[in-house]
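What follows is each chain in one-letter form.
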Amino acid sequence: MRNLAVAAVLALTTALPAAADTIRVGMSGGYFPFTFTRADELQGFEVDFLNAIAEETGDEVEFVTMSFSGLVGALESGRIDTIANQITITPEREAKFAFTQPYVYDGAQVVVKAGNEEEITGPESLKGRSVAVNLGSNYEQLLRELPYADEIDIRTYESNIEQDTALGRVDAFVMDRVSSAQVIKESPLPLALAGQPFSEIRNALPFRNDAEGQALRDRVDAAITTLKDDGTLAEISQKWLDADVTAPAEGGAGSETAEAATE
């Protein structure tokens, strides 16, 4: 009888579904159209994307918003499990974190006050000018890697780089092409794209580079593959960006997807 009771308990245990984990996802909540708040609701590409991943993996998602500059520290300290804020893969970040496959391919874009796009036509026109970037973003590093970086006045911002550019407090800002195009399309601010993207960027989800983080990365990465294969990821991209930026552009540096995003 005792053996039968033990067998029954084991059978019941194995029949139950595994308890869902909670994936704590950090984001700024201020990076339209990827993560932003409207009518007190957190929404955007990244929110739909992570909810779709959780549906595939059977996990729960807890969104944690904070300033962009604090996201990496929160991941390193274990306060969050990953960052969904268009995190670009770089050699420095790959040395620290375990990344999924890229899910957005884009390009770094110079943006200026409308009317100045004939004078500032891309990164080569930034010599002797002030350029804003978000604090902690990869765009500061991209600017510092330019051969004439010492001639550019690079200013880091927690927020409001679009407003200060439109008001003429800085000459330009650098952000990803897709977000820039959407900001120009949706915002009343007088802004314009200046030239073509000057660097292709691949964005992915970073996890802590330990056994637990790698296991979670592998589970999420498998879900991303499914979302790509069944068209869900492309649908999310079309919904928020009016373009599919989930695969590399044939023309390089995001030129084709950038054109689609501005139509």
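None of the values given here were measured: they were computed from a predicted structure. (Residues numbered from 1 in each chain as written. Predicted model: local features only at pLDDT ≥ 70, side-chain atom pairs only at ≥ 80, totals over all residues. Heavy atoms only, no water.)

## A few points about the pattern of salt bridges
Quick reminder of the rule: In what follows, salt bridge is the name for a side-chain nitrogen of Lys or Arg lying within 4 Å of a carboxyl oxygen of Asp or Glu. Every helix listed is a DSSP run of H or I at least four residues long, and every strand listed is a run of E at least two residues long, numbered separately from the N terminus.
By the definition in use, this model includes 12 salt bridges. The closest approach of N and O atoms between Arg219 and Asp59, which form a salt bridge, is 3.2 Å. Of this pair, Arg219 sits in helix H8 (residues 211–229) while Asp59 is found in the loop between helix H2 (45–57) and strand E5 (60–65), placing the two residues 160 residues apart along the sequence. Arg217 serves as the salt-bridge partner of Asp218, at 2.7 Å between the closest nitrogen and oxygen. Here the residues in one salt-bridge network are Asp21, Asp59 and Arg219, joined through shared partners.

## A few points about the nonpolar core
Heads up, the rule is: In this description, a nonpolar core means a group of buried Ala, Val, Leu, Ile, Met, Phe, Trp, Tyr and Cys residues linked to one another through side-chain atoms lying within 4.5 Å. Accessible area is worked out with a 1.4 Å probe on protein chains only. A residue is then buried under 20% of its type maximum, exposed over 50%, and partly exposed in between. Contact definition: two residues touch when any of their heavy atoms are within 4.5 Å.
Residues Phe45, Phe49, Ile53 and Leu205 are the most contacted members of the largest nonpolar core, which totals 58 residues. Ranked by residues supplied to this core, first place goes to H2 with six residues. In this structure Phe49 touches Tyr103, Leu205, Ile224, Leu227, Leu233 and Ile236, once residues within four positions along its chain are discounted. Counting residues in hydrophobic clusters, the runner-up holds 11 residues, among them Leu71, Ile80, Ile83 and Phe97.

## What to know about a negative patch on the surface
The cut-off we apply is this: A residue counts toward a patch only above 30% relative accessible area and without a salt bridge, and it is joined to like-charged neighbours within 9 Å or, for Val, Leu, Ile, Met, Phe, Trp and Tyr, to nonpolar neighbours within 5 Å. Exposure was quantified through the Shrake-Rupley algorithm and a 1.4 Å probe, taking into account, for residues, occlusion by the shown protein chains and nothing else. Residues scored as charged are limited to Lys and Arg (positive) and Asp and Glu (negative), so that His and the chain ends carry no count. By convention, the point assigned to a charge is CZ for Arg, NZ for Lys, CD for Glu and CG for Asp.
Judged by side-chain charge, Glu55, Glu56, Asp229, Asp230 and Glu235 come together as a negatively charged surface patch. Looking at the element boundaries, Glu235 is found in helix H9 (residues 232–241). Residue class for Glu235 comes out exposed when judged on its relative accessible area of 57%.

## Quick look at the packing of aromatic side chains
Operational definition: Put simply, two rings from Phe, Tyr or Trp (the six-membered ring, in Trp's case) pair if the centres are within 6.5 Å, and we call them stacked under 30 degrees between planes, edge-to-face over 60, tilted for the rest. Each ring is checked for a lysine NZ or an arginine CZ that lies within 6 Å of its centre and within 35 degrees of its normal; such an atom marks a charge sitting over the ring.
By the definition in use, this model includes seven aromatic pairs. Ring plane angle 80 degrees and centroid distance 5.7 Å describe the contact between Phe36 and Trp240, whose orientation is recorded as edge-to-face. Here the residue Phe36 occupies a position in strand E3 (residues 35–38), and Trp240 occupies one in helix H9, the gap between them amounting to 204 residues. Grouping residues by exposure puts Phe36 and Trp240 together as buried. Between Lys127 and the ring centre of Tyr148, over which it is positioned, the NZ or CZ distance is 4.9 Å.

## Quick notes on the pairing of strand E1 (residues 22–27)
Quick reminder of the rule: The pairing criterion for strands is at least two bridges between them, as found by DSSP.
Two strands pair when backbone bridges link them, and E1 and E5 are joined in this way by six bridges, in the parallel orientation. Across the sheet, residue Thr22 finds its bridge partner in E5, namely Glu60.

## Quick notes on the packing of H2 against H8
Applied cut-off: Helix axes are fitted only over the stretch in contact, all axes being lines through C-alpha atoms; the angle between N-to-C directions runs from 0 to 180 degrees. Orientation categories follow fixed angle ranges, with anything under 35 degrees roughly parallel, anything over 145 roughly antiparallel, 65 to 115 roughly perpendicular, and all other angles oblique. The nonpolar class holds Ala, Val, Leu, Ile, Met, Phe, Trp, Tyr, Cys and Pro. Asp, Glu, Lys and Arg form the charged class, and all remaining residues, Gly among them, are polar.
The contact between H2 and H8 brings their axes to 9 Å, and the two run at 105 degrees. In terms of orientation, H2 lies roughly perpendicular with respect to H8. Counting all contacts with H2, which are made through Phe49, Ala52, Ile53, Glu56 and Thr57, the residues of H8 involved are Arg219, Val220, Ala223, Ile224, Thr226 and Leu227. The class makeup of the residues in the contact of H2 with H8 is seven nonpolar, two polar and two charged.

## What to know about the side chain of Asp81
With respect to the element layout, Asp81 can be found in the loop between helix H3 (71–77) and strand E6 (82–83). Ignoring any residue separated from it by four or fewer positions in sequence, one finds Asp81 in contact with Thr22, Ile23, Arg24, Leu75, Pro206, Phe207, Arg208 and Leu216.

## Observations concerning unusual backbone geometry
Keep in mind that most residues, glycine aside, have a negative phi and that most peptide bonds are trans. Residue Pro33 is reached from Phe32 by a cis peptide bond, and omega for that bond is 0 degrees. Of note, Pro33 is situated in the loop between strand E2 (30–31) and E3. The phi angle at Ala39 is positive, at roughly 55 degrees, despite the residue not being glycine. Within the secondary structure layout, Ala39 lies in the loop between E3 and strand E4 (41–43). Note on Ala39: relative accessible area 74%, which makes it exposed. Despite not being glycine, Gln86 shows a phi value in the positive range, around 55 degrees. Relative to the assigned elements, Gln86 resides in the loop between E6 and helix H4 (91–96).

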